[in-house]
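Descriptive analysis of the structure
The residues making up each chain are set out below.
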Amino acid sequence: METIEHKTVTANGINIHIAEKGQGPLVLFLHGFPELWYSWRHQILYMAAHGYRAVAPDLRGYGDTTGAPVHDSAKFTSLHVVGDIIALLDAIAPDEKQVFVVAHDWGAVLAWFLCLYRPDRVKAYVSLSVHFMPRDLVMKPIAMFRGLFGDDYYMCRFQEPGDIEAEFAQIGVREVVKKLLTHRHPGALYFPKGKGFGSFPDTSDTLPSWLSEEDVDYYTSKFEKNGFTGGINYYRALDLNWELTAPWTGAQVKVPTKFIVGDLDLVYHIPGVKEYVQGGGFKKDVPLLDEVVVMEGVAHFLNQEKPDDINQHILEYIKKF
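Reading guide: rules and limits
Residues numbered from 1 in each chain as written. Predicted model: local features only at pLDDT ≥ 70, side-chain atom pairs only at ≥ 80, totals over all residues. Heavy atoms only, no water. UniProt positions renumbered as here; feature names shortened; annotations may be inferred. Helix = DSSP H or I, 4+ residues; strand = E, 2+ residues; numbered from the N terminus. Expected span 1.5 Å × (residues − 1). Buried < 20%, exposed > 50% of the residue type's maximum accessible area, 1.4 Å probe, protein only. Salt bridge = Lys/Arg side-chain N within 4 Å of Asp/Glu carboxyl O. Pairing = 2+ DSSP bridges. Axes fitted to C-alpha atoms, helices over the stretch in contact; angles between N-to-C directions. Phe/Tyr/Trp six-rings, centres within 6.5 Å; stacked < 30°, edge-to-face > 60°. Lys NZ or Arg CZ within 6 Å of the ring centre and 35° of its normal.

- The name that an unreviewed UniProt entry assigns to the protein chain is soluble epoxide hydrolase, with the source organism given as Rhododendron griersonianum.
- The Pathway (unreviewed entry) comment attached to the protein chain in UniProt states, word for word, "Secondary metabolite biosynthesis; terpenoid biosynthesis."
- Per UniProt, the protein chain carries the Sequence similarities (unreviewed entry) text "Belongs to the AB hydrolase superfamily. Epoxide hydrolase family."

Here you go:
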């Protein structure tokens, strides 16, 4: 870990912190919530050792990346974040027309948008946990999730500015980080108001083998410093994303892609997702989808839970190009 280099790059009007290691073709790693560049620690070391330049930024609103207007969720749309990514690539790899992208959770959502908006910049994409989600013609995302799961569903609870932050503050940052990262229930995630994590079926205080106290300490230190609002803003911009992406309704993603998901992943268990991924819909929307891997007994944070397997899957795929 000490050999990973850290720097700050000014791009798209913000100061983007990146962690990087290695020389060779660039592999860009994009994290999710509640994560940081740190969630790619295993992949950075592995890819650097195999002849690649691994780069993992803290996305806008996260970690040591500064300058984004955290109290304005309208500045956290896919257009803003893809703008950050393109400007970052222009700054750190001006001679590389295309790069490899590996992304998880919200990072994966944004990488799908990157592939949609700028397929010319992506050589190949490895998506973890979150499949491509075609834009619904009629219904905004939050209304759809509210209809499926009700008001206590986490994405719905995240909508009111300051509301879930106040609840998280009462629970404590360390406890929030620990509970979210170790959550393994494949069903919908609920935060009934005032009940904290009381509704979680998994209440063990023992950390799994893949997550150390030091790992939790690192995440906790950054979220204690910056709060959760930056990360939660991505959820608050979901409906605005829907409005802004109307021109891409029905558009295909034309980038070579490999998709990896755990069979205990809560995203994979959203109604209709398995059928979409396995039944031809995914391949229709992403015609260059090469492979779908479903990992048995693996939950949402698969790049941390099963780093060796994920490392091999990534390398195996990008070596083809």
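Right, picking up where we left off after that structure.
1. Examining helix α2 (residues 78-92)
- Under the 1.5 Å per step criterion, the end-to-end length of α2 is 21 Å for 15 residues, consistent within 8% with the ideal 21 Å.
- Within the sequence span of α2, burial applies to Ser78, Val81, Val82, Asp84, Ile85, Ile86, Ala87, Leu88, Leu89 and Ile92.

2. Thoughts on unusual backbone geometry
- In this structure, the amide linkage connecting phenylalanine 33 to the following residue, proline 34, adopts the cis form with an omega of -5°.
- With a phi angle near 55°, asparagine 12 is a residue other than glycine that sits in the positive phi range.
- Topologically, asparagine 12 is positioned in the loop between β1 (5-11) and β2 (14-21).

3. A closer look at the pattern of salt bridges
- All chains considered together, the criterion is met by 20 salt bridges.
- Taking the shortest distance from any N to any O, the salt bridge between aspartate 72 and lysine 75 comes out at 3.1 Å.
- For aspartate 72, a relative accessible area of 28% corresponds to the partly exposed category.
- Lysine 75 sits in the partly exposed class, given a relative accessible area of 33%.

4. A word on the sheet that holds strand β5 (residues 99-104)
- Reading across from one edge, β1-β2-β4-β3-β5-β6-β7-β8 is the order of the eight strands in this open sheet, with mixed pairing throughout. A strand with exactly one partner marks an edge of an open sheet, and here the two such strands are β1 and β8 (289-295). Pairwise comparison of adjacent strand axes, ignoring direction, gives a mean angle of 20° for this sheet.
- As paired strands, strand β6 (residues 122-128) and strand β7 (residues 257-262) are joined by four bridges and run parallel to one another.

5. A closer look at the packing of aromatic side chains
- Under the counting rule described, the total for this entry stands at 35 aromatic pairs.
- With 5.9 Å between their ring centres and 75° between their planes, phenylalanine 33 and phenylalanine 158 make a pair best called edge-to-face. Of the two residues, phenylalanine 33 is situated in the loop between β3 (26-30) and α1 (41-49) and phenylalanine 158 in the loop between α5 (154-157) and α6 (163-171); the sequence distance between them amounts to 125 residues. Both residues of the pair, phenylalanine 33 and phenylalanine 158, belong to the buried class.
- Cation over ring: arginine 60 sits above phenylalanine 76, and NZ or CZ is 5.9 Å from the ring centre.
- The ring of tryptophan 242 has arginine 135 sitting right over it, with the charged end atom 4.2 Å from the ring centre.

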